[in-house]
Amino acid sequence: MSSIAVLGCMWGDEAKAKIVDYLGITADVVVRFQGGANAGHTIHHGGRKYVFHLVPSGILNPDTICVIGAGVVIDPRALENEMEQLRGQGVEISHRLLIDERCGLVLALHQDLDRRAEHAKGEQKIGTTLRGIGPAYSDLTARVALRIGDLKHPEWTRQRLAQLYDYHGQAVSTGELESVATSLFESWQRLSDFVTTVDDKLYDWYLQDKRILFEGAQGTLLDLSYGTYPFVTSSHTSVGGIPVGCGLPLRCINKVIGVYKAYSTRVGDGPFPTELTDAVGDRIRKQGNEYGSTTGRPRRCGWFDAVAAKYTARINGVDTLAVTLLDVLSGLESVKICTGYWVDNQRLDYFPSDLHLLPQLQTEYLTLKGWEQDLGECRGLHQLPRAAKDYLEAIQDLLERPVELISVGRDRDQTIVVRS
Ligand code: IMP
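Residues numbered from 1 in each chain as written. Predicted model: local features only at pLDDT ≥ 70, side-chain atom pairs only at ≥ 80, totals over all residues. Heavy atoms only, no water.

A. Here's a closer look at the site of the ligand. With respect to spatial proximity, 16 residues lie near the ligand, and among them Asp13, Asn38, Thr129, Thr233 and Arg297 are the closest. Gln218 places a side-chain nitrogen or oxygen 3.2 Å from a nitrogen atom of the ligand. One of the side-chain nitrogen or oxygen atoms of Thr233 is found 2.6 Å away from an oxygen atom of the ligand. Residues that form the shell around the ligand fall into these classes: six nonpolar, eight polar and two charged. (Near = heavy atom within 4 Å. Polar contact = N/O pair within 3.5 Å; in protein donor to acceptor, adjacent residues only side chain to side chain. Nonpolar A, V, L, I, M, F, W, Y, C, P; charged D, E, K, R; others polar.)

Printed below as a string of structure tokens:
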């Protein structure tokens, strides 16, 4: 089995990077296929903390090639900063990072538009990361965007840039426009060695049976089509985003690992049926250090939602589950899993797409015994307390998929592999 997708299956922040990093030890290639610098993937390794926004987290493995597919939108300044930071931490990037020349560009203009759109929405704001992601994808769809490969052609870039400001009704002087163009050309000088086409290379590597890992960003409930629209991001975070976002045919995805936190979190606004606004929610936030790695915002916390989780497992064709942050639940007297919703005395066993219905849902829970033991030292399933195993078994039964990986801490070795 040569290619595996690792997908966040809730509202993002499922600790996908930890799983990618763990699996990346044996991967030849790691591919990002959607999103942009809105993502914040954190890895703790060798006593150091690494935060990734655009660079695939596989870069920490010196033999792994990292690919940014066409479905990713790139803010050149953010990418350069990240590369600089990684180099400062001793990570060698040259010859190991490939960027598709079709990637759309995120400009300061997009961040400005993002801020203004959020402000205009007032109480109905989405709570975006303000990284310009939505406006950059909108421009791609409207066919007015600039792509990174355009920077090869200065005159064309200048023309497209002028048209883009015009399209957004932004009056800019020739001098201002030239200063934006100059900064892009300077970025191009530093990034051009990494820019190429990646679809052809990925296909060759697939045929050569190289081990390819697809690293999802955000989560399925933030997917543009299948998430809690409009409280979503602007890309396809689910499995369908992979072929579109890197040019490798659908049939080249051999396995899908769905990453789920042992509880649920959401950052930003929008419906969240199992949200806990009490002391238990606060406790989980504190224990799990649930603060956004891109924006630092406190994340909303809640119980594991098996109804939503089963929905996303189906959407993605999830084969096996990776359950992360199980250690965070230690010390709770009881733990709960949402098994159904109720609305107007009717039981729903599916995740509704109707935004107006979602906030009205009453949640039905399966309550299980909690466990006291700190799980950080557990390295095998047999070392977990009975109650933690029961909890995992309940998730497995409700989602009708086996748990393959369990994360019990932020370090790479704090991972349990469940052998079937
Ligand atoms: P945007 O992607 O910045 O447009 O934000 C849209 C929604 O997705 C907001 O609710 C964000 O908080 C959320 N979001 C975007 N990126 C991430 C992420 O990496 N983790 C969790 N939530 C995210």
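B. Fine view of the packing of aromatic side chains. Summed over the entire model, instances satisfying the criterion amount to five aromatic pairs. Ring centres of Tyr311 and Phe351 lie 5.4 Å apart, and the angle between their planes is 25 degrees; this geometry places the pair in the stacked category. In this pair, Tyr311 is assigned in helix H10 (residues 306–316) and Phe351 in the loop between strand E17 (346–348) and strand E18 (362–369), connecting sequence segments 40 residues apart. Look at Phe351 and you get buried, because its relative accessible area is 8%. By way of ring pairs, the aromatic residues Tyr311, Tyr341 and Phe351 are connected into one cluster. (Phe/Tyr/Trp six-rings, centres within 6.5 Å; stacked < 30°, edge-to-face > 60°. Helix = DSSP H or I, 4+ residues; strand = E, 2+ residues; numbered from the N terminus. Buried < 20%, exposed > 50% of the residue type's maximum accessible area, 1.4 Å probe, protein only.)

C. Inspection of the sheet that holds strand E1 (residues 3–8) at higher detail. Taken together, the 10 strands give an open sheet; going across it, the order is E9-E7-E5-E2-E10-E1-E11-E15-E19-E20, and neighbouring strands pair in mixed fashion. Of all strands in the sheet, those with a lone pairing partner are strand E9 (195–196) and strand E20 (415–417), marking the two edges. Judged from the three bridges that link them, strand E5 (residues 65–68) and strand E7 (residues 97–100) form a sheet pairing that is parallel. In the strand pairing of E7, Cys66 is matched with Leu97. (Pairing = 2+ DSSP bridges.)

D. Up close: the packing of helix H5 (residues 154–167) against helix H6 (residues 174–191). At a minimum axis separation of 10 Å, H5 and H6 run at an interaxial angle of 130 degrees. Relative to H6, H5 is oriented oblique. The interaxial crossing formed by H5 with H6 has right-handed handedness. Only Leu177, Glu178, Val180, Ala181, Leu184 and Phe185 of H6 make contact with H5, whose side of the interface consists of Pro154, Thr157, Arg158, Leu161, Ala162 and Tyr165. (Axes fitted to C-alpha atoms, helices over the stretch in contact; angles between N-to-C directions. Parallel < 35°, antiparallel > 145°, perpendicular 65-115°, else oblique. Left-handed = near helix turned anticlockwise from the far one by under 90°. Contact = heavy atoms within 4.5 Å.)

E. The nonpolar core, seen in detail. Ranked by size, the top nonpolar core spans 73 residues in total, and within it Leu202, Phe214, Tyr260, Leu326, Leu384 and Tyr391 carry the most contacts. Residue contributions to this core peak at seven residues, all from helix H11 (residues 386–399). In terms of domain composition, this core takes at least three residues from each of domain 1 (3–102 + 194–255) and domain 3 (261–417). Other than its neighbours up to four places away in sequence, Phe214 contacts Ser3, Ile4, Ala5, Val6, Val31, Phe33, Ile242, Cys246, Leu248 and Ile253. Core analysis: the next-biggest nonpolar cluster, separate from the first, contains 52 residues, Ile4, Ile68, Leu113 and Leu146 among them. (Core = buried A, V, L, I, M, F, W, Y, C linked by side-chain atoms within 4.5 Å. Domains from an automatic or database assignment.)

F. Representation of the side chain of Thr265 in the model. In this structure, Thr265 sits in strand E12 (residues 264–266). At 2.8 Å, the side chain of Thr265 and the side chain of Lys261 are in polar contact. The residues touching Thr265, leaving out its near neighbours within four places in the chain, are Trp11, Gly12, Asp13, Phe272, Glu290, Arg299, Arg300 and Cys301.

G. Geometry of the pattern of salt bridges. Per the stated rule, a full pass over the model turns up 26 salt bridges. Between Glu14 and Lys16 there is a salt bridge whose closest N-O contact spans 2.8 Å. In terms of burial, Glu14 and Lys16 fall into one category: buried. Across the salt bridge formed by Lys255 and Glu404, the nearest N and O atoms sit 2.9 Å from each other. Residue Lys255 is located in strand E11 (residues 255–261), and its partner Glu404 is located in strand E19 (residues 403–407); the two are separated by 149 residues in the primary sequence. Residue Lys255 is classed as buried on the basis of its relative accessible area of 15%. Several salt bridges share partner residues, and in doing so they unite Asp13, Lys261, Glu290 and Arg299 into one network. (Salt bridge = Lys/Arg side-chain N within 4 Å of Asp/Glu carboxyl O.)

H. Main features of the domain arrangement of the protein. When the domains of the protein are assigned, the result is domain 1 (3–102 + 194–255), domain 2 (105–192) and domain 3 (261–417). If you average the C-alpha positions of domain 1 and of domain 3, the two centres end up 24 Å apart. Residue-level contacts link 37 residues of domain 1 with 39 residues of domain 3. At the boundary of domain 1 with domain 3, total buried surface from both sides reaches about 3,000 Å², with 61% on carbon and sulfur atoms. Ranking the residues of domain 1 by area buried against domain 3 places Trp11, Lys18 and His44 at the top, with a combined share of 23%. Seen at the junction of domain 1 and domain 3, the total is three salt bridges. (Buried area = accessible area lost by both parts, 1.4 Å probe.)

I. Structural context of the environment of Asp278. If you trace the backbone, Asp278 turns up in the loop between E12 and helix H9 (279–287). Here Val280 takes part through its backbone nitrogen, which lies 3.2 Å from a polar atom of the side chain of Asp278.

J. Spotlight on helix H7 (residues 199–207). Buried residues of H7: Leu202, Trp205 and Tyr206, and no others. Buried residues of H7, viewed axially, fall in a sector of 100 degrees; they line one side. Here the buried face of H7 lies against E1, strand E2 (29–32), E5, E7, strand E10 (212–215) and helix H8 (241–246). The first or second residue beyond H7 is Asp209, which carries a positive phi of 65 degrees. (Arc of directions from axis to C-beta.)

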